[in-house]
Amino acid sequence: MNKIQSFGVTIIFCILIFGFSIVTLFSPDTEYSETENRTLAQMPSFTLDALLDGSFESDYEEYLTDQFVFRDGWIALKTAAERASGRTQINDIYFAEDDYLIEAHTDTFTTEQAESNLEILAQFVELYAGEFGAEHMTVMLIPNAVDILQDKLPAFASPYDEGEYLASAEEAVREGASGAAADADADGIWFDARSVLQEHSNEEIYYRTDHHWKTLGAFYVWQAWAQSCGYTVPTLDSYEITTVTEEFEGTIQSKLGIHTVADSIELYLDPDAPSYTVEKDGSGEVLDSLYDYSALETKSKYDIFFGGNNALTRITAEADTGRKLLVIKDSYAHCFVPFLLSEFDQIDVLDIRYYNQELSELISGEGYTDLLFLYNASGFAGDTSLTKLLY
């Protein structure tokens, strides 16, 4: 009887594993996951070389994982089961106090890529510090929630100390500045956003369900940076703060496949900001707003800022300051850039991940007076495209 039962269990197991795999193979592929806000792996092309070097097997495994039938439901079920067992960290995400889901970023800062990007940063600063000078070039890496909101982490959580990596980044800036033709002052180039955010760690400066900082966090860093640059220093009551949604569920929540407490998204609108226009990727289409309100009707509600990522967005403002700024950034800059409208006549916002022309030609051709490099810390450490900064 036991042998029959064991055989039956084996048959059921095989039906579940191979049956779902077969159904997956014959189901239409999904190109994009609204839940996870990312493009899903597609069936890889078979070649003999790909088979021999193992890349086909790896890509095929990724394809099956992404296209597995009822995938979202299985992710949610797995998360629920692990939570029921008492786990406080799932998929490298902490279940923290006040309903925060906080990414641990385990191993992000200790890879060869993370180390290589520090070297690239030093070379980048050396290339341009002499041209812009410490007064007009800024590097700021924004720490992630796991670093600033440590008081909310569950007991016995032991994430990597981002402060250690940021200290290495500051040292890379100093190394690059010392090698620049004008021997630029690294104290003026490196901006310590971490200290600013630590002063406000008891406020809602990061989303609960998403990896970005909130506009309030960006405001505090903008306020401190504006003071250091000699710009007009704003206060919170300088802005009309508008909540555009209270139903935002971000990328961290999507990785878990469950519904938690949703976030709100706020816009900080300056009633005294100059008129401006926006052109994306040289399309010729001129917009009159940095905000894409249609994104609020989608899962990717954070895309209200800039409509998401673009290679090069040009903002032309009637600020009459004589200053032109190049911002090299990841998406953390999207809620930061609107604060800059009154300080620059032109703001070019460049995402090096999608920009495929030579950066040096853009800088030499546009006559920028100022340069801002703004990334989140984990995004910077893991970015594989930063070598394009040097060309």
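The structure we're discussing is the one just above.
Note that the structure is a prediction, hence the values are computed from the model and not measured. (Residues numbered from 1 in each chain as written. Predicted model: local features only at pLDDT ≥ 70, side-chain atom pairs only at ≥ 80, totals over all residues. Heavy atoms only, no water.)

### A short note on the pairing of strand 6 (residues 137-142)
Counting buried residues in strand 6 gives six out of six residues, a clear majority hidden from the surface. A two-sided burial pattern is seen for strand 6, the buried positions comprising Met 137, Val 139 and Leu 141 on one face and Thr 138, Met 140 and Ile 142 on the other. With six bridges connecting them, strand 6 and strand 14 (residues 370-376) associate as parallel partners. Bridge pairing in strand 14 links Thr 138 to Leu 372. (Buried < 20%, exposed > 50% of the residue type's maximum accessible area, 1.4 Å probe, protein only. Helix = DSSP H or I, 4+ residues; strand = E, 2+ residues; numbered from the N terminus. Pairing = 2+ DSSP bridges.)

### Considering the nonpolar core
With 60 residues, the main nonpolar core has Trp 213, Trp 222, Phe 305, Ile 315, Phe 336 and Ile 347 as its most contacted residues. The biggest single contributor to this core is helix 10 (residues 215-229), with eight residues. Excluding anything up to four places from it in sequence, Phe 336 contacts Met 140, Trp 213, Ala 218, Val 221, Trp 222, Trp 225, Leu 372 and Leu 374. Ala 129, Ala 172, Ile 352 and Ala 377 belong to the second-largest nonpolar core, a separate cluster that totals 43 residues. (Core = buried A, V, L, I, M, F, W, Y, C linked by side-chain atoms within 4.5 Å. Contact = heavy atoms within 4.5 Å.)

### A closer look at a negative patch on the surface
Taken together, the side chains of Glu 115, Glu 119, Glu 126, Glu 171 and Glu 175 present a region of like negative charge at the surface. Of all elements in the fold, only helix 5 (112-132) and helix 7 (162-179) reach the threshold of two or more residues within the negative patch. Element by element, the count of residues in the negative patch is highest for helix 5, at three residues. For Glu 119, the position within the fold is in helix 5. The partly exposed category is assigned to Glu 119, whose relative accessible area is 48%. (Patch = residues over 30% accessible without salt bridge, like charges linked within 9 Å, V, L, I, M, F, W, Y side chains within 5 Å. Areas by Shrake-Rupley, 256 points an atom, 1.4 Å probe, with all protein chains shown as cover. Salt bridge = Lys/Arg side-chain N within 4 Å of Asp/Glu carboxyl O. Lys, Arg positive; Asp, Glu negative; His and termini not counted. Charge placed at Lys NZ, Arg CZ, Asp CG, Glu CD.)

### With respect to the sheet that holds strand 4 (residues 93-95)
Ordered by their spatial adjacency, three strands build an open sheet running 3-4-5, and the pairing between neighbours is antiparallel. Every other strand in the sheet has two partners, leaving strand 3 (89-90) and strand 5 (101-103) as the edge strands with one partner each. Of the pairings in the sheet, the one linking strand 3 to strand 4 comprises two bridges and is antiparallel in character. Looking at the pairing, Ile 90 lines up with Ile 93 of strand 4.

### Notes on the sheet that holds strand 9 (residues 276-280)
Two modes of strand pairing occur in sheets, parallel and antiparallel, and in both the strands are linked by backbone hydrogen bonds. What the seven strands build is an open sheet, ordered 6-14-12-13-11-9-10; its pairing is mixed. Here the strands that pair on one side only, and so sit at the sheet edges, are strand 6 and strand 10 (286-287). Summarising the sheet, strand 11 (residues 312-317) and strand 13 (residues 346-350) pair through five bridges and their orientation is antiparallel. Bridge pairing links Thr 313 to Val 349 in strand 13. Running at roughly 165 degrees to strand 12 (residues 324-329), helix 12 (residues 359-366) makes contact with strand 11, strand 12 and strand 13 of the sheet. (Axes fitted to C-alpha atoms, helices over the stretch in contact; angles between N-to-C directions.)

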